[in-house]
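The lines below spell out each chain.
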Amino acid sequence: MEKYDVIIIGSGLGGLACGFILAKNGLNVCVLEQDAQVGGCLQTFRRGNTLFDTGFHYVGALGEGQSLHKLFRYFDLLDLPWQQLDEAAFDEVIIGDQSYFFANGHDRFAEELAQRFPHQRTNLNQYVSFLKNVGDNLFSSFDSTHKEDIFTTSLFARSAYEFLNETIDDPLLRKVLSGTSLKMELNAETLPLYVFAQINNSFIESAWRLRGGGSQIAERLVEQIRNMGGRVLTRSNVTRLTESNGVISTVEVNGEEQFTAKWVISNAHPAHTISLVDETKLLRKIYRKRIASLENTFGMFTVNIGLKPGSVPYRNRNLFIHRDDADLWRFNPEDSLASVLVSYNMSETDTRYASNIDLLTPMSWSEVSKWKDTSVGRRGEDYVEMKNARIEACLELVSPHIPELRNGIEKIYTSTPLSYQSYANMVDGSAYGIRKDYTQPMYTVLAPRTPIPNLLLTGQNLNLHGILGVSLTSFFTCAEILGMDTIKNDLEL
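Engineer: Is there a simple way to explain the overall build of the protein chain in this structure?
Structural biologist: Secondary structure assignment for the protein chain yields 17 helices and 19 strands. By the compact-globule yardstick of 23 Å for 493 residues, the protein chain fits well, its C-alpha radius of gyration being 22 Å. On the principal axes, the C-alpha backbone points of the protein chain span a range of 65 × 55 × 45 Å. Within the protein chain, the fraction of its 493 residues that count as buried is 60%. Long-range contacts, defined as pairs at least 24 residues apart, comprise 72% of the intrachain contacts of the protein chain with a sequence gap of at least 6. Total accessible area on the protein chain is roughly 20,000 Å²; 46% of this is exposed by carbon and sulfur atoms. Distance between charge centroids for the protein chain: 3 Å, based on 47 positive and 59 negative side chains.

Engineer: Mind showing me how you'd approach unusual backbone geometry here?
Structural biologist: Trans peptide bonds make up most of the peptide bonds, and negative phi angles are found at most residues other than glycine. Phi is positive for Asp76, which is not a glycine, with a value near 60°. Along the polypeptide, Asp76 turns up in the loop between α2 (67-74) and β6 (82-84). Asp76 gets classed as partly exposed once you look at its relative accessible area, which sits at 39%. Its identity as a non-glycine residue notwithstanding, Asn245 has a phi of 55°, on the positive side. Take Asn245: it is sitting in the loop between β11 (238-244) and β12 (247-253).

Engineer: Can you help me understand the nonpolar core in this one?
Structural biologist: Generally speaking, nonpolar side chains in soluble globular proteins are found buried as a group. In this structure, Phe75, Trp82, Tyr127 and Ile217 are the most contacted members of the largest nonpolar core, which totals 105 residues. Considering every element that reaches this core, the biggest residue donor is helix α16 (residues 466-482), with 10 residues. Setting aside residues no more than four positions away along its own chain, Phe75 makes contact with Ala17, Phe20, Ile21, Leu221, Gln224, Ser471, Ser474 and Phe475. Membership of the second largest hydrophobic core comes to 31 residues, among which are Ile305, Leu307, Ile357 and Val398.

Engineer: Would you explain the packing of aromatic side chains in this entry?
Structural biologist: Applying the stated criterion to the full structure yields 25 aromatic pairs. With 5.2 Å between their ring centres and 20° between their planes, Phe45 and Phe52 make a pair best called stacked. A relative accessible area of 21% places Phe45 in the partly exposed class. One aromatic cluster in this structure is built from Phe20, Tyr74, Phe75 and Phe475. Directly above the aromatic system of Tyr74 lies the positively charged group of Lys24, at a separation of 5.5 Å from the ring centroid. Residue placement shows Arg390 over the ring face of Phe301; its charged tip is 5.9 Å from the ring centre.

Engineer: Sorry if this is basic, but what is going on with helix α4 (residues 121-136) here?
Structural biologist: The end-to-end C-alpha separation of α4 is 22 Å, in line with the 22 Å expected for 16 residues at 1.5 Å each. Asn123, Leu124, Tyr127, Val128, Phe130, Leu131, Val134 and Gly135 are the residues of α4 that are buried. Buried residues along α4 cover an arc of 155° about the axis, so they all sit on one side.

Basis of the calculations
Residues numbered from 1 in each chain as written. Predicted model: local features only at pLDDT ≥ 70, side-chain atom pairs only at ≥ 80, totals over all residues. Heavy atoms only, no water. Helix = DSSP H or I, 4+ residues; strand = E, 2+ residues; numbered from the N terminus. Rg over C-alpha atoms; globule rule 2.2 N^0.38 Å. Buried < 20%, exposed > 50% of the residue type's maximum accessible area, 1.4 Å probe, protein only. Contact = heavy atoms within 4.5 Å. Areas by Shrake-Rupley, 256 points an atom, 1.4 Å probe, with all protein chains shown as cover. Lys, Arg positive; Asp, Glu negative; His and termini not counted. Charge placed at Lys NZ, Arg CZ, Asp CG, Glu CD. Core = buried A, V, L, I, M, F, W, Y, C linked by side-chain atoms within 4.5 Å. Phe/Tyr/Trp six-rings, centres within 6.5 Å; stacked < 30°, edge-to-face > 60°. Lys NZ or Arg CZ within 6 Å of the ring centre and 35° of its normal. Expected span 1.5 Å × (residues − 1). Arc of directions from axis to C-beta.

From the geometry alone we can't say anything about function, so treat these as descriptive.
Written as structure tokens, this is what we have:
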């Protein structure tokens, strides 16, 4: 039986980040990945000469002195081929036939939009000032004695939708500020203000792409974990967790191998994690029912388009394209194609042109659940027809703003929430994990600890999703093992 200090289930960013932190602090770690490729949604895939990202598109706050810069400096990820997006227009929000540009820097962001909405200048300054205050206090949550910890907690119990309506009294400007909504699930009834403010603030600070795909992050972390004596094993599916004497004593892999460790960290969805645990008095039925009943955010339909060389000019920004009548705060599965995110990838041979483009639009689990018991490649003709109809709807919305697109298409590949569940074990194919609810923050914003003392959680399902949120969460998970003082010293806080 193999023995470790820590076993980590899943090699998504949360699992690998925890593996790095703990190995760096001298613990013997083993990361177990069920797939053949590490990285979860950081995975890439190649079709011909074109490299596509699975779920990674861009990050915020990577500039000198900013929050992700501090974290990625610790993880030694700053020398990857990062490319900053256009500081004057890192995002372009298109509503109907009107474009609005998001600029980096809080003052510049407010001033750019104030040119279009001069009567909202004071409100815009108030908006960005609030977001900046939230971002400036990101690391204060590492100090439980700090007054801002109460501030952070209170923002999880406030409505993002109500904040926006209270701060901005122009309906069109509210829609514009919500226009980059596909970085999170905008839900008027549930979204906490902290999630909305923290994520939007990070991109206002700075916005970056990674040339060559998100898998470089995972590969670098794996390399460093191994260099520090840790192990990362692929094709290693955790099939059972056995409790005895009040702790997880055995981790079963692929239905036969037995591992043991002092600690077990799961980067998998909490519902999946709890389902692996044998019956134990420590996990009461009410707790299992609570975790299983937590709602998940919607998923994504993704169109990966390989382009003919030299056909579509590269734009160093993202496009968020919305129909005039799109209600960005109330997703309707019956009318789901109202918005599309367009993400460009630069050609490696001619930087004037894009090599491929990804189109992403929300898709609920209910839209694909009837095929949930089918396997990849064998879902039937009606599934193919559904995807083809969705591709055409995406192209119809996007093509007026990228007139070269249709004639530039060489190959098209797609994924649905079913794909993400199959390849990345994302429950219901959820894009952002468990739906956080400001009316029930204690119920939906999970802590790393579980009722089993040596079983911890990490990843996007806890508090914040995205690269910044998951990176940050990994330190809170590791603090349960190393102590918060060690984490603060590591991050030089």
